[in-house]
Amino acid sequence: MAKTLRVVVPPHPLIAHWLTVLRHAGTPAALYGTGMEELGRWLTYEAVRDWLPHRRETVMTPVATTEGQVIEAAVPLLAVPVLPGGLSLWQGARQVLPNAELCLSGVPDQIESQAGVVLFIDQISSGRILLDLLEQLAERGVTDGRRLRVVTAVAASPGLKSIGERMPDLTIHTACIDEGLEPDGRVNPGIGEPVQRLQIRTTGST
């Protein structure tokens, strides 16, 4: 059976609300940052719903013994934000994945054979940045889409098409799929340029 890129847009009113906050041109930097964090939280919640490894465990309540489920902490989980904008998504996601190891310098040189990986990228435009990360992961043995999730605020159709053609075995969770790209590469209608709207000064900024 042919593999097909899976793009999930959760129909959640909180996700729609925070996406609208990010879209609004008048949203101040502090609230924009909050919006990114909230999308990171709720999209990650949806992304790991049926993905996190877990086990059954018997526990004693104050009145009886019962069976429950606990997350399998022995399985490594890596969080890889695309800096700087993806870090805001991770700030919200860390409340959902408190035991994840944060990889601040990009894809680590070595990844355990059973480790799960979550990529956080503020938005997908042409798809080039995400494809580069996926190729790095493939070089380190992460070729099974079941070990990988991508969380992004907005994804443009042209970028998704490029990713689907080259890396179809993948699941992406996003707040919205936008149809177009501007000539300068910006997503339309999009959420603006996150680095500028978050007032992040990077090397070479003036």
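In what follows, the structure referred to is the one given above.
Within every chain, residues take consecutive numbers counted from 1 along the sequence as written. Only residues with pLDDT of at least 70 are given local features in this predicted model, and only at 80 or more are side-chain atom pairs given and counted; all residues enter the totals for whole chains, interfaces and linings. To get the side-chain values, take all heavy atoms of the structure and skip hydrogens and water.

## Considering the overall build of the protein
And then number 1: Of regular secondary structure, the protein possesses six helices and eleven strands.
And then number 2: Its C-alpha atoms give the protein a radius of gyration of 18 Å, near enough to 17 Å, the size a compact globule of 206 residues would have.
And then number 3: A principal-axis box enclosing the C-alpha atoms of the protein has dimensions of 60 × 40 × 35 Å.
And then number 4: Exposure is judged per residue with a 1.4 Å probe applied to protein chains only, and the accessible area is read against the type maximum: over 50% gives exposed, under 20% gives buried, and values in between give partly exposed. Of all 206 residues assigned to the protein, the portion counted as buried reaches 44%.
And then number 5: Considering only contacts in the protein between residues 6 or more positions apart, those separated by 24 or more positions represent 69%. Counting from the N terminus, the helices are the DSSP runs of H or I reaching at least four residues and the strands are the DSSP runs of E reaching at least two. Atoms considered for the radius of gyration are the C-alpha atoms alone. The globule rule reads 2.2 Å times the number of residues to the power 0.38. Here a residue-residue contact requires only that any non-hydrogen atoms of the pair lie within 4.5 Å.

## Digging into helix H2 (residues 29–47)
And then number 1: The span you would expect from a helix comes to 1.5 Å times its residue count less one. Here H2 spans 26 Å end to end across 19 residues, near enough to the 27 Å set by a 1.5 Å rise per residue.
And then number 2: By the burial criterion, the buried members of H2 are Ala29, Tyr32, Gly33, Gly35, Met36, Glu38, Leu39, Gly40, Leu43, Thr44, Glu46 and Ala47.

## Observations regarding the side chain of Thr27
And then number 1: Note on placement: Thr27 falls in the loop between helix H1 (13–23) and H2.
And then number 2: Only 2.6 Å separates the side chain of Thr27 from the backbone oxygen of Val21, close enough to count as a polar contact. Identification of polar contacts relies on pairs of N or O atoms within 3.5 Å, with a donor-acceptor requirement for protein atoms, meaning one able to donate a hydrogen and the other able to accept it, and with residues adjacent in sequence counted only if both atoms are side-chain atoms.

## Quick word on a nonpolar patch on the surface
And then number 1: A surface patch of nonpolar side chains, about 260 Å² in accessible area, is lined by Leu83, Leu102 and Leu104.
And then number 2: Note on placement: Leu102 falls in strand S5 (residues 101–102).
And then number 3: Residue Leu102 is classed as partly exposed on the basis of its relative accessible area, which comes to 37%. Without a salt bridge and with relative accessible area above 30%, a residue can belong to a patch; like charges are then joined within 9 Å and nonpolar side chains (Val, Leu, Ile, Met, Phe, Trp, Tyr) within 5 Å. Working definition of accessibility: Shrake-Rupley area with a 1.4 Å probe, residue cover restricted to the visible protein chains. For this analysis, a salt bridge means a side-chain nitrogen from Lys or Arg found within 4 Å of a carboxyl oxygen belonging to Asp or Glu.

## Some remarks on unusual backbone geometry
And then number 1: With an omega dihedral of 0 degrees, the bond running from Leu83 to Pro84 counts as a cis peptide bond.
And then number 2: Here Pro84 is to be found in the loop between strand S4 (77–81) and helix H3 (85–93).
And then number 3: Cis geometry is found at the peptide bond from Asn188 to Pro189, where omega equals 5 degrees.
And then number 4: Here Pro189 lies in the loop between strand S11 (187–188) and helix H6 (194–197).

## What about the pattern of salt bridges?
And then number 1: Summed over the entire model, instances satisfying the criterion amount to eleven salt bridges.
And then number 2: Between Asp178 and Arg23 there is a salt bridge; the shortest N-O distance is 2.9 Å. Separated by 155 residues along the polypeptide, Asp178 in strand S9 (residues 177–178) and Arg23 in helix H1 bring together distant segments of the chain.

Spatial relationships are all this shows, so hold off on functional conclusions.
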